[in-house]
Amino acid sequence: MGILAVGRWRARVGRPGGHTESEFEFARDGTAMLVVGGRGSGTWTQTGPDTFSYRIDEELTEAPGTIEIAQDAVLRGDEFVSNGNAVVRLANGTTAREAAIRITAQRLG
């Protein structure tokens, strides 16, 4: 499983049109949670000595559906930078939009 990313992280999420602030929690058992800036859950996996990937499905607030977040991260000390995509998927399974996102985060406590 790995322990590389375990902890709570304050994140700046860069997407087309601006930035938002979020917080993530990565647990020892490989679960990942979006706990501030939205609600969502998923998994994370250590992929190397200083790299990991995570996938989180965030609940949409304006319509039934999810935002599927898929990121590959590089850790440097108590910070990580990750890049990947976010896909907005409506409840009927159609894709409403897709965008590249970049997340920079700092470990809390």
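In what follows, the accompanying structure is described.

Moving on, we come to the pattern of salt bridges. Tallied over the entire structure, the rule returns 7 salt bridges. Of the charged contacts in the structure, one is a salt bridge between arginine 107 and aspartate 78, with a shortest N-O distance of 3.2 Å. One end of the pair, arginine 107, is in strand 8 (residues 95-108); the other, aspartate 78, is in the loop between strand 6 (65-76) and strand 7 (79-90), with 29 residues separating them in the sequence. By relative accessible area, which is 48% here, aspartate 78 ends up partly exposed. Three or more residues joined by partner-sharing salt bridges are found here, namely Arg8, Arg10, Glu23 and Glu25.

Core analysis: the largest hydrophobic core is formed by 24 residues, its most contacted members being Phe24, Phe26, Phe52, Tyr54, Ile56, Phe80 and Ile103. Only strand 1 (7-15), strand 2 (18-26), strand 3 (31-36), strand 5 (51-59), strand 6, strand 7 and strand 8 provide two or more residues apiece to this core. Considering every element that reaches this core, the biggest residue donor is strand 6, with 4 residues. With residues near it in sequence (within four places) discarded, isoleucine 56 still touches Phe24, Ala32, Met33, Leu34, Gly40, Ser41, Gly42, Ile67, Glu68 and Ile69.

How each quantity is defined
- Residues numbered from 1 in each chain as written.
- Predicted model: local features only at pLDDT ≥ 70, side-chain atom pairs only at ≥ 80, totals over all residues.
- Heavy atoms only, no water.
- Salt bridge = Lys/Arg side-chain N within 4 Å of Asp/Glu carboxyl O.
- Helix = DSSP H or I, 4+ residues; strand = E, 2+ residues; numbered from the N terminus.
- Buried < 20%, exposed > 50% of the residue type's maximum accessible area, 1.4 Å probe, protein only.
- Core = buried A, V, L, I, M, F, W, Y, C linked by side-chain atoms within 4.5 Å.
- Contact = heavy atoms within 4.5 Å.

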